[in-house]
Every structure is written in C-alpha cells, then in structure tokens.
Amino acid sequence: MLQRPRRNRKSQAIRSMVEETKIGTEHLIYPIFLKDGKGIKEEIHSLPKNYRWSLDQLLPELEQCMKLGIFTYDLFPAVDEGLKDKIATYSYAEENFYLHAIRKIKETFPELVLMSDVAMDPYSSDGHDGLVENGQILNDETLPILNKMAVAQAQAGIDIIGPSDMMDGRVKSIREALDQHHFTDVSIMSYSAKYASAFYGPFRDALNSAPKSGDKKTYQMNPANKREALIEAQLDMEEGADFLMVKPALCYLDVIHLLKENFNIPITAYNVSGECAMVYAAAEKGWLNYDLAISEMLLSMRRAGADAILTYFAKDFATLLKK
Ligand code: PBG
C-alpha cells in the first residue's frame with residue numbers, strides 16, 4: 001500500500017493540522033425568546049434549557065453569553081394572546097414591549113449584533129406569517145405590514161432584519177422601506193429556502209404561534225424540492241438580501257451546499273427548535289453524548305457551507321469550546 005490515509009490521523013497534532021472545517025463562537029447566532037414583565041425565566045416545555053425571558057433577567061444572561069464569545073442574537077417576542085389581531089398591529093405599536101427591549105439591550109450592550117424576525121405569526125390572531133382572508137394567505141397585502149414591522153424594529157436599533165414569512169417580493173419591499181427611512185445600514189438576512197417542516201414545533205410552543213387553521217404549505221417550501229431553492233435564493237439576492245438562510249439545517253445540508261456553490265454572499269443555516277429538541281431528549285435518556293452530538297451537528301452545517309449558524313445550542317457549545 002502506497003497510500004495509507006490513516007497516517008494523517010495518527011496524532012491529535014496531525015489531525016488538527018489537516019482539519020478542513022473550523023467552527024468557533026464567531027459563527028454562532030443565539031435565538032432568544034422575550035416576554036413582557038419582570039422576573040420571568042420560564043423554561044419552554046418542548047425545548048429544555050431555553051426560556052422566555054423578561055428583559056431584566058435577560059440582560060445578565062446576555063452578559064454571560066458575551067463572555068463566552070457570543071455576539072449575535074436573534075430575538076423573538078412571546079406576545080399575549082389578547083394583543084394579537086388579524087393585521088399584527090402590535091408588531092409596530094408604540095407600546096410594544098419587544099421594541100422597547102431591543103432599544104434597552106442595544107443601549108446596554110452596543111457591541112452586540114441583534115437580529116429580529118419579520119413575519120406576522122407571533123402577532124397574528126390567525127397564527128400565520130401573512131394576512132389571512134377566507135382561508136387564503138394574501139401575499140401583496142402582507143408586504144406593507146412587513147414593511148412597518150421592519151421599520152419599527154430598525155427604529156428600535158435592530159442590526160439585521162430576518163424576513164421569515166416567505167411572501168414573494170418581501171425582501172425588495174422591506175429593503176426599499178428601510179432605505180426610505182434612512183436605514184441603509186440595516187442588513188437583511190433572508191429566510192430564502194425555508195421549508196414547511198415538522199421541526200418547528202417547539203418554537204411554536206415557545207411563542208404560542210401555531211396556525212389556528214390550515215398549514216404553511218402555500219408559502220413555505222416543499223421539503224422535496226432543491227432546485228426551487230435556487231429560484232428563491234436568486235430572487236432574494238436580486239432584491240437586496242445580505243445573507244441567504246437555509247432552514248431547517250440538519251435535513252437540508254444539501255441545500256446549504258447548493259446555495260454556497262451558487263451564490264457569493266454569506267450563507268446561514270437555522271438549526272431549528274425540533275432539531276435541537278431531538279438531541280436534548282435523547283441526551284436526557286442517556287442515548288447519546290450531548291457534547292459530542294452537538295459538536296458534530298454544528299460542524300456538519302459548517303462543512304456543508306454555512307458561514308453562520310442559528311442554534312439553540314449556542315451557549316452550551318460556546319461553553320464547550322472554552323473548556
Ligand atoms: C416564524 C418562524 C418560525 C421559525 C422561525 N421563524 C416558525 C414557523 O415558520 O412556523 C422556526 C424556528 C425554530 O423552529 O427554531 N415565521
């Protein structure tokens with residue numbers, strides 16, 4: 001045998017030298033759920049180790065996570081049912097606790113990068129990402145609502161807008177609205193290839209945002225389709241997106257790879273709630289090693305081509321890296 005690949009694996013030093021994929025805390029985006037009130041830290045039943053935080057509890061938590069090297073956070077509001085309506089009015093209301101929280105976090109930690117979803121579901125009495133009329137999700141009528149939501153978040157100090165609604169034309173619409181309000185520096189990380197997935201369950205529990213009727217298949221993509229992801233990504237890029245996201249991540253590593261090969265802006269992957277919940281549950285039963293499993297999962301997303309990864313494992317993984 002002239003070629004013995006095992007020679008390049010014979011010691012830790014050599015294995016490290018030839019390691020192809022690197023992952024560090026700079027690649028992590030930590031999703032965080034916010035709730036109005038004080039003294040609140042409620043664990044999410046289907047997503048252990050993740051909480052609905054009130055602002056006062058969250059600030060020290062953010063400080064701790066920053067010490068671990070996590071500087072980018074994706075925030076989501078858990079909104080009281082009574083504040084939801086058909087047109088998501090609360091999403092851009094003056095008194096919106098979430099917008100106030102964004103402002104306060106940016107004031108306290110100006111070095112943090114804050115991202116926020118733009119979609120109607122956390123604020124909608126229908127539990128859909130767009131405007132519902134007679135059981136239909138109306139595309140063009142949804143866009144002005146998304147624009148108002150995005151501008152309100154930008155006014156509060158958000159750094160990255162994440163349109164997760166999958167309406168056609170939303171990136172262009174939001175980009176123009178931001179620019180008209182002089183927020184030319186606010187970025188857009190578009191949920192480009194977002195699939196109608198079974199893995200969003202724990203997230204919908206966290207926000208109580210599941211659709212009241214029907215499903216999201218007329219706007220989120222069919223898991224069977226890969227070439228369609230190229231169309232979505234192409235449109236988002238032409239419409240002004242700064243990042244293209246693939247979501248979920250683990251079942252869609254091929255799509256991450258496809259976008260990485262075809263587009264020259266950063267590609268991100270959303271390691272969604274259900275993917276993390278599976279690992280929490282199996283580890284709790286002692287069926288797999290949590291530290292090894294999350295490391296391998298996140299590494300595989302980077303290997304597939306993700307520049308950054310949104311993951312509920314962010315804090316645990318950063319803690320591991322520190323060790
Ligand atoms: C809202 C949104 C969802 C997620 C992120 N933004 C759920 C959905 O589309 O129903 C899922 C994230 C996760 O499961 O971790 N549009």
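Residues numbered from 1 in each chain as written. Predicted model: local features only at pLDDT ≥ 70, side-chain atom pairs only at ≥ 80, totals over all residues. Heavy atoms only, no water.

S.K.: I'm lost on helix 11 (residues 314–322) in this one. Help?
M.R.: Because each turn of an α-helix spans 3.6 residues, side chains separated by three or four positions in sequence point in the same direction. Among all positions of helix 11, only Ala314, Lys315, Phe317 and Ala318 are buried. Within helix 11, the buried residues cover an arc of 165 degrees as seen down the axis, which keeps them to one side. Contact partners of the buried residues in helix 11: strand 1 (28–35), helix 2 (55–67), helix 10 (290–304) and strand 12 (308–311). (Buried < 20%, exposed > 50% of the residue type's maximum accessible area, 1.4 Å probe, protein only. Helix = DSSP H or I, 4+ residues; strand = E, 2+ residues; numbered from the N terminus. Arc of directions from axis to C-beta. Contact = heavy atoms within 4.5 Å.)

S.K.: In this structure, what is going on with the packing of helix 4 (residues 139–156) against helix 5 (residues 170–180)? I would like to understand it.
M.R.: Geometry of a packed helix pair, given as the angle between the helix axes and the separation of the axes. Relative orientation of the contacting elements helix 4 and helix 5 amounts to 45 degrees, with a least axis distance of 9 Å. Considering the angle they form, helix 4 stands oblique to helix 5. Between helix 4 and helix 5 lies a crossing of right-handed hand. Together, Leu143, Leu146, Asn147, Ala150, Val151 and Ala154 of helix 4 and Arg170, Ser173, Ile174, Ala177 and Leu178 of helix 5 make up the contact between the two elements. Considering only residue class, the contact of helix 4 with helix 5 consists of eight nonpolar, two polar and one charged. (Axes fitted to C-alpha atoms, helices over the stretch in contact; angles between N-to-C directions. Parallel < 35°, antiparallel > 145°, perpendicular 65-115°, else oblique. Left-handed = near helix turned anticlockwise from the far one by under 90°. Nonpolar A, V, L, I, M, F, W, Y, C, P; charged D, E, K, R; others polar.)

S.K.: Explanation requested: the packing of aromatic side chains in the structure shown.
M.R.: For the coordinates displayed, the defined rule picks out 12 aromatic pairs. An angle of 40 degrees between the planes, with centres 6.2 Å apart, marks the rings of Tyr30 and Tyr73 as tilted. Separated by 43 residues along the polypeptide, Tyr30 in strand 1 and Tyr73 in strand 4 (residues 72–78) bring together distant segments of the chain. Owing to a relative accessible area of 6%, Tyr30 belongs among the buried residues under this scheme. Among the residues examined, Tyr73 registers a relative accessible area of 0% and is labelled buried. Judged by centre distance (4.3 Å) and plane angle (20 degrees), the ring pair of Tyr195 and Tyr252 falls under stacked. Taken as a pair, Tyr195 in the loop between strand 9 (187–194) and helix 6 (201–207) and Tyr252 in the loop between strand 10 (243–247) and helix 8 (253–262) lie far apart in primary sequence, 57 residues in all. Tyr252 carries the same exposure label as Tyr195, and that label is buried. Within the aromatic cluster, the residues linked to one another by ring pairs are Phe33, Phe76, Tyr191, Phe203, Tyr270 and Tyr312. The lysine or arginine in question, Lys247, covers the ring of Tyr200, its NZ or CZ lying 4.4 Å from the ring centre. The ring of Tyr270 is capped by Lys247, whose NZ or CZ atom sits 5.2 Å from the centre of that ring. (Phe/Tyr/Trp six-rings, centres within 6.5 Å; stacked < 30°, edge-to-face > 60°. Lys NZ or Arg CZ within 6 Å of the ring centre and 35° of its normal.)

S.K.: Mind showing me how you'd approach empty space enclosed by the protein here?
M.R.: Over the atoms, a rolled probe matching the size of one water molecule traces out where space is still vacant. If you walk through the whole model with that rule in mind, you get two cavities of 30 Å³ or more. Residues that form the lining of the largest cavity fall into these classes: five nonpolar, three polar and six charged. Here the second largest cavity defines a volume of roughly 30 Å³. Pro77, Tyr98, Ser116, Asp117, Ala119, Pro122, Tyr123 and Gln153 together form the lining of the second largest cavity. Taken together, the residues that form the lining of the second largest cavity break down as five nonpolar, two polar and one charged. (1 Å grid on protein atoms, 1.4 Å probe; cavity = no way out; pocket = protein on both sides within 12 Å on 5 of 7 lines; lining within 4 Å. Points joined across faces, edges and corners; volume = space filled by probe spheres on them.)

S.K.: Help me out: how do you make sense of unusual backbone geometry in this one?
M.R.: Most peptide bonds adopt trans geometry, and most residues besides glycine take a negative phi value. Cis geometry marks the peptide bond from Lys247 to Pro248, where omega comes out at -10 degrees. Looking at the element boundaries, Pro248 is found in the loop between strand 10 and helix 8. Phi angles above zero are rare outside glycine, and Ala88 is one such case at about 55 degrees. In this structure Ala88 comes out as buried when scored by relative accessible area, which is 0%.

S.K.: What is the right way to look at a positive patch on the surface in this model?
M.R.: A surface patch of positive charge is lined by Arg4, Arg6, Arg7, Arg9 and Lys10. Mapped onto the secondary structure, Arg4 falls in the segment before helix 1 (12–17). Arg4 gets classed as partly exposed once you look at its relative accessible area, which sits at 42%. (Patch = residues over 30% accessible without salt bridge, like charges linked within 9 Å, V, L, I, M, F, W, Y side chains within 5 Å. Areas by Shrake-Rupley, 256 points an atom, 1.4 Å probe, with all protein chains shown as cover. Salt bridge = Lys/Arg side-chain N within 4 Å of Asp/Glu carboxyl O. Lys, Arg positive; Asp, Glu negative; His and termini not counted. Charge placed at Lys NZ, Arg CZ, Asp CG, Glu CD.)

S.K.: Teacher, can you tell me more about the layout of surface pockets here?
M.R.: In this model, the largest pocket occupies a volume close to 280 Å³. Every element with two or more residues in the lining of the largest pocket is listed here: helix 10 and helix 11. Per-element accounting of the lining of the largest pocket gives the leading share, four residues, to helix 10. Its residues assigned to classes, the lining of the largest pocket comprises six nonpolar, two polar and three charged.

S.K.: It is not clear to me how the site of the ligand should be interpreted in this structure. Could you clarify?
M.R.: The environment of the ligand is made up of 18 residues, and the closest members are Lys194, Arg204, Lys247, Ser273 and Tyr312. At a separation of 2.7 Å, an oxygen atom of the ligand approaches a polar side-chain atom of Arg204. Relative to its unbound accessible area of 400 Å², the ligand is 100% covered by the protein chains. Judged by the proximity of its atoms to the pocket grid, the ligand belongs to the largest cavity. Elements that contribute at least two residues to the shell around the ligand include exactly strand 9 and helix 6. Looking at the shell around the ligand residue by residue, the classes come out as eight nonpolar, three polar and seven charged. (Near = heavy atom within 4 Å. Polar contact = N/O pair within 3.5 Å; in protein donor to acceptor, adjacent residues only side chain to side chain. Sits in = over half its atoms within 2 Å of the grid points.)

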